[in-house]
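Chain and residue survey
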Amino acid sequence: MSKVIVVTSGKGGVGKTTSSAAIGAGLAMRGHKTVVIDFDVGLRNLDMIMGCERRVVFDFINVIQGDAKLKQALIKDRRLENLFILPTSQTRDKDALTKEGVKAVLDELREEFDYIVCDSPAGIERGAHLAMYYADEAVVVTNPEVSSVRDSDRVLGLLNSKTALAEKGDGSAVKAQLLLTRFDQNRSANGEMMSVDDVLEILAIPLLGIIPESTSVLKASNEGTPVSLDEKSPAGKAYLDAVGRLVGEQIEMRANPGEQRRGFFQRLLGRTA
Amino acid sequence: MQSGKSAAEVVATVKPFQIRGRSFTAVALHLTGRPDRAFFQALEARLNQTPLFFENAPLVIDLELADGLDSAEELMRLTAELRRRKLSVFGIQSGTPAQARAANEAGLISLPAGRDVALERVTRQGSRSVPATPAPAPKEPANRMVTQPVRSGQTVFADRGDLVIVGSVSSGAEVIAAGNIHIYGRLRGRALAGVNGDTSARIFCHALDAELLAIAGLYRTSENLGADTPRQYVQVYLQGEVLRIESLK
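Structure report, in brief. (Residues numbered from 1 in each chain as written. Chains lettered and ligands numbered in written order. Predicted model: local features only at pLDDT ≥ 70, side-chain atom pairs only at ≥ 80, totals over all residues. Heavy atoms only, no water.)

**Some remarks on the overall build of chain A**
- On a plain count of helices and strands, chain A comes out with 13 helices and eight strands.
- Per-residue burial over chain A gives 54% buried out of 273 residues.
- Carbon and sulfur atoms make up 48% of the accessible area of chain A, which totals about 12300 Å². (Helix = DSSP H or I, 4+ residues; strand = E, 2+ residues; numbered from the N terminus. Buried < 20%, exposed > 50% of the residue type's maximum accessible area, 1.4 Å probe, protein only. Areas by Shrake-Rupley, 256 points an atom, 1.4 Å probe, with all protein chains shown as cover.)

What follows is the structure in structure tokens.
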């Protein structure tokens, strides 16, 4: 049974594309055949973050419009054999996406892949709507900051009403989980940032993972490497934990999984989050 | 969100015409046979009972029980007779294809069968200005229950009763009820109770962090709630013209 997972947030710049790449790579590392689709038509980013921008010939829109076959547009990752990327068009806009076209592509992908990760554009308009429309599950990426939380809340409302599962009307719903990114334990403790509990109280969905603010994320993006391939970085580890939870494993939640050489008291206290 | 155009846009684009859906109430005249002398006598008698009620009322001829009536001349004659009695005939309904063609020739339109209003109600009204609009049946109160959190951007409306939310109401969300509003969770958004003017409606919530509270149109926003407002287990009600917030503990 293949699963369509949408990575979405409402607000821009919170780390959707970074998370899509990291989750896609994490799933592939676990041996699941995975494809990551870029729904951000006109602002092609995913291929850069995944380091395959020079191999793009055909794209998602070409496939939707019948100008290319799906096989021609899929790009196989050079590092992970189970990972594929379906890039989007830089020259078109979101109007090129159609419900029927997206459904046809997803149906074809479902036959071959275990996981289909849809990287949603920011906003709640056509691109974001179509990215979530056929999803089975959702990863809602949120920063610990009020406007991001409110936008995520809005997106959760749309996931509950404007998706194919919700429109069936038989009580089925997209399973949504929270991925809290750019989290800084110290600033949260000082009250500069919202705490994990504050965010969870407002959004009222299960927590998939907490990704610490880390310099390794920007570095990985610039190098075109999904950050989960950098197993030494705290963010990379946190993404791998989140992927484990996404496939159903029980993994303890750590606010700062990369922290080394912690004192006895820190170890004792650091587990509460 | 999807509500029409803003006033500015309407002003900016002056259109030569606008098209709007419109429904009218018409009188249906059911023929049970050919319109003979007896028919017109009976009609006269009926019209004389309430002379003003049918005057110039839009009228449609129902031909369901008048099978033989399918010539254009006959329909034209009938139309002329009816119009002479100040009945504004404009079409036929429930006609056979042959009758529809005849009506077309006679300058009438053919309508699909509509739904008749109960006879007593039509005849009881004697005023000229009210052309037989059926009084809406008194609506039963209908309470509404929501067992999921109400998210930012969502509106939940209980138009005929109480609204019960088992969960929180997010900031940017709106819960509206004709009756009371009960929230088993934190209210961060807007709550409007008694929107049809019921001043006895109340709002109850487990935790109060509202952007706006309103009962029967009287409202307070978070800005003028004050620091000493109770925040846990509260009820909101109207006392005269004052919106009071009181702890239930």
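**A look at the sheet that holds strand β2 (residues 58-62) of chain B**
All names here are of chain B.
- The sheet built from four strands is open, its strands ordered β1-β2-β3-β4 with parallel pairing. Every interior strand has two partners, whereas the edge strands, β1 (27-30) and β4 (109-111), have only one. Neighbouring strand axes in the sheet, compared pairwise and without regard to direction, differ in orientation by 40° on average.
- Strand direction decides the pairing type here: β2 and strand β3 (residues 88-93), joined by five bridges, are parallel. In the strand pairing of β3, Val60 is matched with Gly91. (Pairing = 2+ DSSP bridges. Axes fitted to C-alpha atoms, helices over the stretch in contact; angles between N-to-C directions.)

**So, the layout of surface pockets**
Residue and element names in this part refer to chain A.
- The calculated volume of the second largest pocket comes to roughly 400 Å³.
- What lines the second largest pocket is a set of 21 residues, and nearest its centre among them are Gly13, Val14, Gly15, Lys16 and Thr18.
- Elements represented by at least two residues in the lining of the second largest pocket include exactly α1 (16-29), β7 (175-183) and β8 (207-212).
- Take the lining of the second largest pocket: its biggest share by element is three residues, from α1.
- Taken together, the residues of the lining of the second largest pocket sort by class into seven nonpolar, nine polar and five charged. (1 Å grid on protein atoms, 1.4 Å probe; cavity = no way out; pocket = protein on both sides within 12 Å on 5 of 7 lines; lining within 4 Å. Points joined across faces, edges and corners; volume = space filled by probe spheres on them. Nonpolar A, V, L, I, M, F, W, Y, C, P; charged D, E, K, R; others polar.)

**Observations regarding the interface of chain B and chain A**
- Contact residues are listed per partner, giving 13 residues for chain B and 11 residues for chain A.
- Between chain B and chain A, roughly 1000 Å² of surface is buried when both sides are summed, and carbon and sulfur atoms account for 35% of that area.
- Looking at the side of chain B facing chain A, the largest losses of area belong to Arg151, Ser152 and Arg188 of chain B, adding up to 51% of the total buried there.
- For the interface between chain B and chain A, the tally reads four salt bridges.
- Of the charged contacts in the structure, one is a salt bridge between Arg188 of chain B and Glu201 of chain A, with a shortest N-O distance of 3.1 Å.
- Linking chain B with chain A are eight residue pairs in polar contact (both at pLDDT 80 or more).
- Among the residues forming the side of chain B that touches chain A, the class breakdown is two nonpolar, seven polar and four charged. (Contact = heavy atoms within 4.5 Å. Buried area = accessible area lost by both parts, 1.4 Å probe. Salt bridge = Lys/Arg side-chain N within 4 Å of Asp/Glu carboxyl O. Polar contact = N/O pair within 3.5 Å; in protein donor to acceptor, adjacent residues only side chain to side chain.)

**Digging into the pairing of strand β15 (residues 242-247) of chain B**
All names here are of chain B.
- In this sheet, β15 lies alongside strand β14 (residues 232-239) in antiparallel orientation, the contact comprising six bridges. What sits directly across from Val236, in β15, is Ile245.
- Counting the residues that bridge the hairpin from β14 to β15 gives two residues, and of these Gly240 lies at a positive phi of roughly 65°.

**Regarding helix α3 (residues 72-84) of chain B**
All names here are of chain B.
- Under the 1.5 Å per step criterion, the end-to-end length of α3 is 18 Å for 13 residues, consistent within 8% with the ideal 18 Å.
- Within α3, the full set of buried residues consists of Ala72, Glu74, Leu75, Leu78, Thr79 and Leu82. Along α3, the residues classed as buried sweep out an arc of 160° about the axis, all on the same side. Of the exposed residues in α3, those oriented more than 90 degrees away from the buried face are Glu73, Arg77 and Arg84.
- Buried residues along α3 sit against β1, α2 (37-49), β2, β3 and α4 (97-105).
- Immediately beyond the C-terminal end of α3, within one or two residues, lies Lys86, with a positive phi of roughly 60°. (Expected span 1.5 Å × (residues − 1). Arc of directions from axis to C-beta.)

By themselves, these observations are geometric and do not establish any function.
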